[in-house]
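Coordinate inspection notes
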Number of protein chains: 2
Amino acid sequence: MALVVTKYGGSSVATPDHIKKIAQRLVERKHTGDDVVVIVSAMGNSTDELLDLADEITDHPNERELDMLLTTGEQVTIALLAMAIQDLDQKAISFTGLQVGIVTDSAHNKAKILAIDADCVKKALENGHIVIIAGFQGVTSSGEITTLGRGGSDTTAIAIAAAIAADVCDINTDVNGVYTADPNVVEDARKIDTISSEEMLEMAASGAGVLSMRSVEYARNHGVTIHCRNSFTDEPGTIVTGEETDMEQAIVSAVTHDTNDAKITIRGVEDRPGIAATLFGALADENVNVDMVIQNISEEGLTDISFTVPHEDLSRAQAAVVAVKDEIGARTWVLDEDVAKISIIGAGMRTHPGVTSQMFRALADEGINIDLISTSPIRLSCIIALEDAPKAVRVLHKAFELEQE
Amino acid sequence: MALVVTKYGGSSVATPDHIKKIAQRLVERKHTGDDVVVIVSAMGNSTDELLDLADEITDHPNERELDMLLTTGEQVTIALLAMAIQDLDQKAISFTGLQVGIVTDSAHNKAKILAIDADCVKKALENGHIVIIAGFQGVTSSGEITTLGRGGSDTTAIAIAAAIAADVCDINTDVNGVYTADPNVVEDARKIDTISSEEMLEMAASGAGVLSMRSVEYARNHGVTIHCRNSFTDEPGTIVTGEETDMEQAIVSAVTHDTNDAKITIRGVEDRPGIAATLFGALADENVNVDMVIQNISEEGLTDISFTVPHEDLSRAQAAVVAVKDEIGARTWVLDEDVAKISIIGAGMRTHPGVTSQMFRALADEGINIDLISTSPIRLSCIIALEDAPKAVRVLHKAFELEQE
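Described below are features of the structure shown in this document. All of these numbers come straight from a predicted model, not from anything done at the bench. (Residues numbered from 1 in each chain as written. Chains lettered and ligands numbered in written order. Predicted model: local features only at pLDDT ≥ 70, side-chain atom pairs only at ≥ 80, totals over all residues. Heavy atoms only, no water.)

Some remarks on the overall build of chain A
The condition that has to hold: Helix numbers and strand numbers start at the N terminus; a helix is a DSSP run of H or I with at least 4 residues, a strand a run of E with at least 2. Every radius of gyration here is taken over C-alpha atoms, with the globule rule written as 2.2 Å times N^0.38, N being the number of residues. Relative accessibility thresholds used throughout: buried, under 20% of the residue-type maximum; exposed, over 50%; partly exposed, between the two (1.4 Å probe, protein chains only). Only heavy atoms matter for contacts: two residues are in contact if any of them lie within 4.5 Å across the pair. Per-residue and other accessible areas follow the Shrake-Rupley method at a 1.4 Å probe size, with only the shown protein chains counted as cover for residues. When charges are counted, neither His nor the chain ends are considered; positive counts come from Lys and Arg and negative counts from Asp and Glu. Taken as the charge location is NZ of Lys, CZ of Arg, CG of Asp or CD of Glu.
Scanning chain A from N- to C-terminus turns up eleven helices and 20 strands. Whereas a compact globule of 405 residues would reach a radius of gyration of roughly 22 Å, chain A reaches 23 Å, a difference of no more than 12%. Based on the C-alpha atoms only, the size of chain A along its principal axes is roughly 80 × 55 × 30 Å. For chain A, the proportion of its 405 residues judged to be buried stands at 54%. Across chain A, contacts joining residues at least 24 apart in sequence account for 75% of those joining residues at least 6 apart. Looking at chain A as shown, the accessible area adds up to about 17,600 Å², and 46% of this sits on carbon and sulfur atoms. Averaging the coordinates of the 31 positive side-chain charges in chain A and doing the same for the 64 negative ones gives two points 2 Å apart.

Okay, structure coming up:
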């Protein structure tokens, strides 16, 4: 008997038939003796459909009203899921974010959870209900409806799990768990049984889309164990835990790749103090999310600065560069959209300094050129040409023997 | 400068373009100096679409969860309408039934309003906003979301108008107001400028669909003046007022017809005490809404009982009759679905006893047979054959000279 929080995303509840299937699984879980709290997202594309309606009304929807609009999506799902569970003769009750007391700050569209008053959840569980909670939404202390932004339903699930001290928080997805590499790229990629939250954070930050950084971070900060698993199978997935394990850790746990970055190189910049501050200040002012930064060794008092940004920030980044180009005395600048970031991640890298050269050697042996490099204590990332990405992932997966247990 | 509550139903806000048009009208109204509170329903068929989703999940949706589901419809409209008004550079803010403090009893799907805490409405008006409120919905004192049942948005509008002491409550519809008869049947039917709420109540009860009985009753009880008018014109419609007017009243104000009734006749019932009580007790147990009742004069200790019921109650009514048939000693029973109820309504009828014979004479002259008759102090209704209904309406409209001011 466990207390379980389990989260289903939009594709798992896309149609009434999907919802009935999820209801069946939840009732079976309840029958094993577990107490079950389920967090759901809006059905399938319904959030996009609501956004389309807003688009037809105005180019600049008010953020408060956008939250008022979008939160209806999850409210539809919780009502239908409650009906589906009740139809199987199991007690169930649904709550909106407001009703369950998910109190957030007032940053509409990207609110942060401040507190959860989960009293009604505990009472409903005691009364034998499966408790269904709308993900992605909360309420300010003055009663304004808010949303939590991207990955918000995961955050709701983990926050509720923390608030009621759940034994585990299932994040159900369309894959079987976290893999040593993208199985679409590496045929013998292996599902990871257990991974530390710090490794998972690095993976999420470097291209593994299965869990959002924000939810992994939230789980780590609140001591919540995540079980990342498939929505429609009973197979165990990947446990993400904040606890230190006693077993000797693998040096490298996974290879990730991210093709969402573009690279900007600014050439012939004067090599004097304040240049970088001006450039990156301008980028920050434009709300550009800069990832990797490299400054070349100076030649004759001139240097090159390269950095990567996500594609969605690219037009703002270019605007910022154009604006400061003369001020920083840049000769010219170049945009390369066809790049990929390849990373290896492993908690064991801390104590195995040879990993860096092993990675570079493996790539060099295949003739893959490394453009930029960045490191953390448990991650090594390289920017390479986009076309080399699949080969690089396969090469590194093999070089670090990730296909073996 | 007036304080105005104005309500738009689902067909007036069916699409983003409709919503933009309504926004334009509201902003123009605000620019005249009026303070504007607007109540809206769910867009077009969206409530039916939500019901279809529930239908796909279960045949017996839980009433609490049905309210959770259906209230999303109005929430979508208020958000979009707020965006549309803001897009015209006018301040606007939307509130759900819960946020505006529409407290109801806990009768899900047909809740009654107990109290309204309209503080946030007054504050928002003071701050120069057009205030947008979701119709049809409320919240119990324990925070459960409820809906008010059919015509619920009208009830919301009138309740809000009462709570903030509005000068008038506009009920916007797809017709220009209340007519002396259905303009589809009577070519020279005339729009009524002012009508008393008691006449309007009788009209609503006898087939005039433009306003619901419940909302007219609510308005009368709370001293709210209704202005029933067209959503998309500036023409004055019909004022429904609880105040006694000084002018001499027309004897007959309108002719209505209702083709939604069926007639059941039970033949050869023993004429002894308790028979009617048994029959109508059984109908009440089945929740059948009995309208007119006639018992014939007894012949040889046997009598006939006829009554009318709405078509939607017919199958339950038949079940009730079959169940008690033997107990009340009925020889046989007959169903007639092809009937219509024709009514004349007028506050002046109270003091003009000749109206009854005038009505019967007008129908008789056209060879229209009267089947059942029922009366109130300000209404006379006859059941006639369905096929005679259009002719009967035209004859009565002419007989009482309703085409003339």
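Past the structure itself, the notes keep going.
Some details on the interface of chain A and chain B
The line we're drawing: Summed over both partners, the accessible area (1.4 Å probe) lost when two parts come together is defined as the buried area. Any carboxyl oxygen of Asp or Glu within 4 Å of a side-chain nitrogen of Lys or Arg constitutes a salt bridge here. Polar contacts, as counted here, are pairs of nitrogen or oxygen atoms within 3.5 Å of one another; within protein the pair requires one atom able to donate a hydrogen and one able to accept it, and residues that are adjacent in sequence qualify only if both atoms are side-chain atoms. Think of it as three bins: nonpolar holds Ala, Val, Leu, Ile, Met, Phe, Trp, Tyr, Cys and Pro, charged holds Asp, Glu, Lys and Arg, and polar takes everything else, Gly as well.
With 39 residues of chain A in contact, the opposing surface of chain B contributes 39 residues. When chain A packs against chain B, close to 3,100 Å² is buried across both sides, 66% of that on carbon and sulfur atoms. Summed over the shared surface of chain A and chain B, the result is zero salt bridges. Taken together, the links from chain A to chain B amount to 14 residue pairs in polar contact (both at pLDDT 80 or more). Those elements that provide at least two residues to the side of chain A that touches chain B are helix 1 (16-31), helix 2 (46-57), helix 3 (63-86) and strand 3 (92-95) of chain A. Per-element tally for the side of chain A that touches chain B: the top contributor is helix 3 of chain A, with 16 residues. Class assignment of the residues belonging to the side of chain A that touches chain B gives a composition of 23 nonpolar, ten polar and six charged.

Quick word on the pairing of strand 14 (residues 261-270) of chain B
Residues and elements named next belong to chain B. This is how the line gets drawn: Paired strands, as defined in this entry, are two strands with at least two bridges between them according to DSSP.
A large share of strand 14 lies buried, amounting to eight of its ten residues. Here eight bridges tie strand 14 to strand 16 (residues 302-310), and the two strands are oriented antiparallel to one another. Counterpart to Asp261 in the pairing with strand 16 is Pro310. Here strand 14 runs beside strand 17 (residues 332-336); their pairing, made up of five bridges, is antiparallel.

Brief notes about the sheet that holds strand 20 (residues 379-385) of chain B
Residues and elements named next belong to chain B. Threshold: The angle between two axes is taken between their N-to-C directions and runs from 0 to 180 degrees, where each axis is a line fitted to C-alpha atoms and a helix contributes only its stretch in contact.
The strand order across the open sheet built from four strands is 13-18-20-19, with neighbouring strands paired in antiparallel fashion. The sheet terminates laterally at strand 13 (254-258) and strand 19 (372-376), the two strands that pair on one side only. Direction aside, the axes of adjacent strands within the sheet are offset by 20° on average. Pairing of strand 18 (residues 339-345) with strand 20 involves seven bridges; the strand directions are antiparallel. In the strand pairing of strand 20, Val339 is matched with Ala385. Of the strands in this sheet, strand 13, strand 18, strand 19 and strand 20 are in contact with helix 7 (residues 197-205), which crosses strand 18 at around 170°. The strands touched by helix 11 (residues 355-365) are strand 18, strand 19 and strand 20; relative to strand 20, the strand with the most contacts, the crossing angle is about 20°.

Some points on the relation of the copies chain A and chain B
Two copies of one chain are present, and they are related through a rotation about an axis combined with an axial shift. For clarity, the cut-off: Copy-to-copy alignment: least squares on C-alpha atoms, limited to residues at pLDDT 70 or above in both.
Mapping chain A onto chain B is achieved by rotating through 180° and translating by 0.0 Å along the same axis, at an RMSD of 0.1 Å. This pairing of chains is accounted for by a two-fold axis. Relative to the rotation axis, the C-alpha of Thr72(A) is the closest in chain A, positioned 2.5 Å from it. Both copies share a contact surface, since 100% of the interface residues of chain A are interface residues in chain B too.

Some points on the packing of helix 10 (residues 355-365) of chain A against helix 11 (residues 389-399) of chain A
All names here are of chain A. Stated precisely, the cut-off is as follows: The cut-offs work like this: below 35 degrees is roughly parallel, past 145 is roughly antiparallel, 65 to 115 is roughly perpendicular, and the gaps in between are oblique. A crossing counts as left-handed when the near helix is turned anticlockwise from the far one by less than a right angle, and as right-handed when that turn is clockwise.
With their axes 9 Å apart at the nearest point, helix 10 and helix 11 run at an angle of 130° to one another. If you check the angle between helix 10 and helix 11, you find them oblique. The two elements helix 10 and helix 11 cross, and the hand of that crossing is right-handed. Contact residues: helix 10 offers Gln358, Met359, Ala362 and Leu363, while helix 11 offers Ala392, Val395, Leu396 and Ala399. Of the residues assigned to the contact of helix 10 with helix 11, the class counts are seven nonpolar, one polar and no charged.

What about the pattern of salt bridges?
Counted under the stated rule, the structure contains 28 salt bridges over all chains. The partner of Lys341(A) in a salt bridge is Asp291(A), and the shortest N-O contact between them spans 2.6 Å. Pair noted here: Lys341(A) is in strand 18 (residues 339-345) and Asp291(A) is in the loop between helix 8 (275-285) and strand 15 (293-295), with a separation of 50 residues, a long-range link. Taking the relative accessible area as the measure of exposure, Asp291(A) reaches 36% and is therefore partly exposed. Between Asp326(B) and Lys325(B) there is a salt bridge, with the nearest N and O atoms lying 3.8 Å from each other. Residue Asp326(B) is classed as exposed on the basis of its relative accessible area, which comes to 65%. Connected via shared salt-bridge partners are Arg29(A), Asp34(A), Asp170(A) and Arg229(A).

Purely spatial values, then, with no claim about function.
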